[in-house]
Amino acid sequence: DTAVSQTPKYLVTQMGNDKSIKCEQNLGHDTMYWYKQDSKKFLKIMFSYNNKELIINETVPNRFSPKSPDKAHLNLHINSLELGDSAVYFCASSPGGIKGTEAFFGQGTRLTVV
Amino acid sequence: GENVEQHPSTLSVQEGDSAVIKCTYSDSASNYFPWYKQELGKGPQLIIDIRSNVGEKKDQRIAVTLNKTAKHFSLHITETQPEDSAVYFCAGTGGTSYGKLTFGQGTILTVHP
């Protein structure tokens, strides 16, 4: 059983389109995240939700809108895709809490905007 | 917020040698420092972590040391094997924010047979 699963694994789309990436975790964690990994492998947090509530929004353009229908799911919707949005997007989950705990990552979604 | 610097960006060793990767952090309130390994086409996976009340932690061939005064921590891999080849990331959490991870820039480790 996959702990954190994302779909799709690959996504190729044209500029200006709208797309969504789905994420589900079966670990019973309270906190979920979206991270972006650029072409230089740099990983940066985008959003975090704790029990369906947004707690971190790292100055991401408002074309990116996360949605958490329940604490096991955190989806990422991107409007008006731009070339610079091409990257690998990782969903992650953790038990949360300010003391810091292990984050479990999904396998990533490679988004290519052409 | 937290800033994490990681060195070197690439590291090439012979099988059986040791590898050391170093990180510094800026937020003195940081209390949790994980290390992740990312293999090609996969998500990062935790390999070891350390909390600020501990100076060293070891798990078989992998060890992490933490110097809170100097605000730096290091990953040590002994008896390296070709399957250790991957990208390694250090991270810090800062003092707030529900486990938000600030990652270092990553180190590409290559172990030559």
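Residues numbered from 1 in each chain as written. Chains lettered and ligands numbered in written order. Predicted model: local features only at pLDDT ≥ 70, side-chain atom pairs only at ≥ 80, totals over all residues. Heavy atoms only, no water.

Trainee: Tell me about the overall build of chain B, residues and numbers included.
Mentor: A tally of regular secondary structure across chain B gives zero helices and 11 strands. In sequence order, the secondary structure elements of chain B are arranged as β-β-β-β-β-β-β-β-β-β-β. A compact globule built from 113 residues should have a C-alpha radius of gyration of about 13 Å, and chain B, at 13 Å, falls within 12% of that. A principal-axis box enclosing the C-alpha atoms of chain B has dimensions of 40 × 30 × 20 Å. For chain B, buried positions account for 48% of its 113 residues. When the accessible surface of chain B is split by element, carbon and sulfur atoms take 48% of a total near 5300 Å². (Helix = DSSP H or I, 4+ residues; strand = E, 2+ residues; numbered from the N terminus. Rg over C-alpha atoms; globule rule 2.2 N^0.38 Å. Buried < 20%, exposed > 50% of the residue type's maximum accessible area, 1.4 Å probe, protein only. Areas by Shrake-Rupley, 256 points an atom, 1.4 Å probe, with all protein chains shown as cover.)

Trainee: Give me the sheet that holds strand E3 (residues 19–25) of chain B: which residues, what numbers.
Mentor: Sheets are built from strands that pair by backbone hydrogen bonding, the pairs being arranged parallel or antiparallel. Residue and element names in this part refer to chain B. Judged by pairing direction, the sheet is antiparallel, and its five strands sit side by side in the order E1-E3-E8-E7-E6 without closing on themselves. Two strands in the sheet have a free side with no partner beyond their single neighbour: strand E1 (4–7) and strand E6 (56–59). On average, adjacent strands in this sheet sit at an angle of 15° to one another, irrespective of strand direction. (Pairing = 2+ DSSP bridges. Axes fitted to C-alpha atoms, helices over the stretch in contact; angles between N-to-C directions.)

Trainee: Now, about the state of the cysteines: what can you tell me, with residues and values included?
Mentor: Using the criterion set out here, one finds two disulfides over all chains in the structure. One disulfide bridge connects Cys 23 of chain A with Cys 91 of chain A, the sulfur atoms lying 1.8 Å from each other. Since a negative S-S torsion denotes a left-handed disulfide, the Cys 23 of chain A-Cys 91 of chain A link at about -80° is left-handed. Here the residue Cys 23 of chain A occupies a position in strand E3 (residues 19–25), and Cys 91 of chain A occupies one in strand E9 (residues 87–94), the gap between them amounting to 68 residues. Note on Cys 91 of chain A: relative accessible area 0%, which makes it buried. Disulfide pairing places Cys 23 of chain B opposite Cys 90 of chain B at an S-S distance of 1.9 Å. On the sign convention where negative is left-handed, the bridge of Cys 23 of chain B and Cys 90 of chain B, at about -100° about the S-S bond, is left-handed. On the criterion of sequence distance, the pair formed by Cys 23 of chain B in strand E3 and Cys 90 of chain B in strand E9 (residues 86–92) is long-range, its members being 67 residues apart. (Disulfide = S-S within 2.5 Å.)

Trainee: Tell me what's going on with the interface of chain B and chain A, and back it up with residues and numbers.
Mentor: Between chain B and chain A, the residue contacts involve 20 residues of the former and 25 residues of the latter. Interface of chain B and chain A: buried area, both sides summed, is about 1900 Å²; carbon and sulfur atoms make up 58% of it. The tally of links between chain B and chain A comes to one salt bridge. Among the ionic pairs, Glu 58 of chain A bridges to Lys 100 of chain B, the shortest N-O distance being 3.0 Å. Mapped onto the side of chain B that touches chain A, the elements with two or more residues apiece are strand E4 (32–38) and strand E5 (45–51) of chain B. Element by element, the count of residues in the side of chain B that touches chain A is highest for E4 of chain B, at three residues. Looking at the side of chain B that touches chain A residue by residue, the classes come out as eight nonpolar, nine polar and three charged. (Contact = heavy atoms within 4.5 Å. Buried area = accessible area lost by both parts, 1.4 Å probe. Salt bridge = Lys/Arg side-chain N within 4 Å of Asp/Glu carboxyl O. Nonpolar A, V, L, I, M, F, W, Y, C, P; charged D, E, K, R; others polar.)

Trainee: Quick one: what's the story with unusual backbone geometry, residue by residue and with numbers?
Mentor: One can expect most non-glycine residues to show negative phi and most peptide bonds to be in trans. Residues and elements named next belong to chain A. Looking along the chain, the bond that leaves Thr 7 and enters Pro 8 is cis, with omega of 0°. Checked against the element boundaries, Pro 8 lands in the loop between strand E1 (4–7) and strand E2 (10–13). For Lys 52, which is not glycine, the phi dihedral falls at a positive 75°. Note that Lys 52 resides in the loop between strand E5 (43–50) and strand E6 (53–57). What makes Lys 52 partly exposed here is its relative accessible area of 46%. A positive phi is found at Ser 80, a non-glycine position, where the angle reads about 45°. Position of Ser 80 among the secondary structure elements: in the loop between strand E8 (73–78) and E9.

Trainee: Outline the sheet that holds E8 of chain A, supporting the account with residue identities and numerical values.
Mentor: Residues and elements named next belong to chain A. Ordered in space as E1-E3-E8-E7, the four strands form an open sheet in which the pairing is antiparallel. Of all strands in the sheet, those bounded by a partner on one side alone are E1 and strand E7 (64–70). Sheet twist, expressed as the average angle between the axes of neighbouring strands with direction ignored, equals 20°. Across four bridges, E1 lies against E3 in antiparallel orientation. Residue pairing across strands places Ser 5 opposite Glu 24, the latter belonging to E3.

Interpretation in functional terms is not warranted from these geometric data alone.
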